[in-house]
Amino acid sequence: MENYVSAVDRYRNSIKYWWVGLLIGVLIFIMGIVVFMHPGESYAALSIVFGLLILLSGIVQLFLGLRMPKNTGRGWLIASGIIEIVLGIILSFNIAISAVVLPFFLGFWLLFRGLTVIGTAIEMRHEGIRGSGWAIFWAILLIICAFIVLIYPAIGVGAVVIWLGLSFLFAGISMAMLSIQLYSLHKHLDTTV
């Protein structure tokens with residue numbers, strides 16, 4: 001029970017704002033579908049959309065991290081938010097640079113996102129919160145996509161578009177699964193209080 005109370009204190013804002021992660025997960029998933037529906041769109045447009053999405057995700061991560069109490073592991077959220085904001089700004093406003101390095105930005109962002117989801121899910125499991133297995137599963141698929149993008153960055157625009165679409169789908173699902181887990185904890189807390 002002490003672990004449960006500790007986990008609730010640690011993730012109070014994440015639990016309270018569970019719907020934010022779900023919303024971002026759904027938006028990222030929809031972006032994956034859009035990429036597959038319009039594969040012929042320009043590479044620059046993908047860079048801008050990707051940059052704006054990362055920027056939005058970074059702002060939300062930073063907001064949640066700053067609202068968490070001290071000594072609760074909030075550093076990961078704050079660091080994640082700052083890194084994503086910087087990457088989002090670079091990709092959104094430097095189209096020439098982003099067109100060249102998009103596969104690397106994509107690979108590292110996906111790797112960081114996957115590791116962050118796994119870290120959070122493992123921490124929640126360690127605190128006695130059940131149901132993190134699916135979030136870990138989808139995050140592992142996301143990490144595999146990240147490594148493929150990083151290992152083969154010169155496979156061409158078409159392949160980057162395909163990996164971008166798949167990666168958005170996996171990122172959206174992993175974020176949604178984690179948010180659903182937080183929602184079930186939120187719902188449980190509402191019924192026990």
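Note that the structure is a prediction, hence the values are computed from the model and not measured.

Conventions we followed
- Residues numbered from 1 in each chain as written.
- Predicted model: local features only at pLDDT ≥ 70, side-chain atom pairs only at ≥ 80, totals over all residues.
- Heavy atoms only, no water.
- Helix = DSSP H or I, 4+ residues; strand = E, 2+ residues; numbered from the N terminus.
- Buried < 20%, exposed > 50% of the residue type's maximum accessible area, 1.4 Å probe, protein only.
- Contact = heavy atoms within 4.5 Å.
- Areas by Shrake-Rupley, 256 points an atom, 1.4 Å probe, with all protein chains shown as cover.
- Expected span 1.5 Å × (residues − 1).
- Phe/Tyr/Trp six-rings, centres within 6.5 Å; stacked < 30°, edge-to-face > 60°.
- pLDDT = per-residue confidence, 0-100.
- Patch = residues over 30% accessible without salt bridge, like charges linked within 9 Å, V, L, I, M, F, W, Y side chains within 5 Å.
- Salt bridge = Lys/Arg side-chain N within 4 Å of Asp/Glu carboxyl O.
- Core = buried A, V, L, I, M, F, W, Y, C linked by side-chain atoms within 4.5 Å.

Novice: Would you take a moment to explain the overall build of the protein chain for this structure?
Specialist: Along its length, the protein chain carries eight helices and zero strands. Listed by position from the N terminus, the elements making up the protein chain come as α-α-α-α-α-α-α-α. Expressed as a percentage of the 193 residues in the protein chain, the buried residues total 47%. Sequence-distant contacts, at least 24 apart, represent 80% of the contacts inside the protein chain between residues at least 6 apart. Roughly 9600 Å² of accessible area belongs to the protein chain as shown, and the carbon and sulfur atoms make up 74% of that amount.

Novice: What exactly am I supposed to notice about helix α7 (residues 133-151) here?
Specialist: Because each turn of an α-helix spans 3.6 residues, side chains separated by three or four positions end up pointing in the same direction. Look at α7: 27 Å from first C-alpha to last across 19 residues, which is about the 27 Å you get at 1.5 Å a residue. When α7 is considered as a whole, its buried residues turn out to be A135, I136, W138, A139, L142, I143, C145, A146, V149 and L150.

Novice: Which parts of the structure should I look at to understand the packing of aromatic side chains?
Specialist: Each aromatic ring pair is described using two quantities: the centre-to-centre distance and the angle formed by the ring planes. All told, the structure shown has two aromatic pairs when counted by the stated rule. For the pair F137 and W138, a centre-to-centre distance of 5.3 Å together with 75° between the ring planes defines the contact as edge-to-face. Residue classification places W138 among the buried positions, given a relative accessible area of 18%. Arranged with centres 5.7 Å apart and planes meeting at 40°, the rings of W138 and F170 form a pair that is tilted. Of this pair, W138 sits in helix α7 while F170 sits in helix α8 (residues 157-192), and the two are 32 residues apart along the sequence. On the basis of relative accessible area, F170 is assigned to the buried category, the value being 18%. By the ring-pair criterion, three or more aromatic residues cluster together here, those being F137, W138 and F170.

Novice: For this particular structure, what's the right way to read the confidence of the model for the protein chain?
Specialist: The predicted coordinates of low-pLDDT regions are not to be read in fine detail. When pLDDT is averaged along the protein chain, the result is 77, and 80% of the positions lie at 70 or above. The least confident element of the protein chain is helix α1 (residues 2-10), whose mean pLDDT is 58; the most confident is helix α3 (residues 18-37), at 85.

Novice: Teacher, can you tell me more about a nonpolar patch on the surface here?
Specialist: A cluster of nonpolar residues, W19, L23, V26, L27, I30, V34 and L56, forms a patch on the protein surface that exposes about 570 Å² of accessible area. Of the residues forming the nonpolar patch, the biggest block, six residues, is contributed by α3.

Novice: Would you take a moment to explain the nonpolar core for this structure?
Specialist: Grouped burial of nonpolar side chains is what soluble globular proteins tend to show. Core analysis: the biggest nonpolar cluster contains 48 residues, and I28, F50, W109, L164 and F168 have the highest contact counts within it. Sorting the residues of this core by element identifies α3, α4 (43-67), α5 (74-93), α6 (95-126), α7 and α8 as the ones contributing at least two each. Here W109 is in contact with I28, F50, I54, E84, L87 and F168, once residues within four sequence places are set aside.

Novice: Explain the pattern of salt bridges to me, please; I cannot follow it from the model alone.
Specialist: For side chains of opposite charge, pairing can occur when their charged atoms come near one another. The full count for this structure, using the stated rule, is one salt bridge. Between E84 and R113 there is a salt bridge; the shortest N-O distance is 2.3 Å. A residue pair is termed long-range when its members are at least 10 positions apart, and E84 in helix α5 and R113 in helix α6 qualify at 29 residues. Exposure class is identical for E84 and R113. Each is buried.

Novice: Honestly, the environment of F36 in this entry has me stumped. Any pointers?
Specialist: You can see F36 is positioned in helix α3. Taking the relative accessible area as the measure of exposure, F36 reaches 38% and is therefore partly exposed. Separated by 129 residues in sequence, F36 and G165 have C-alpha atoms that sit 6.1 Å apart.

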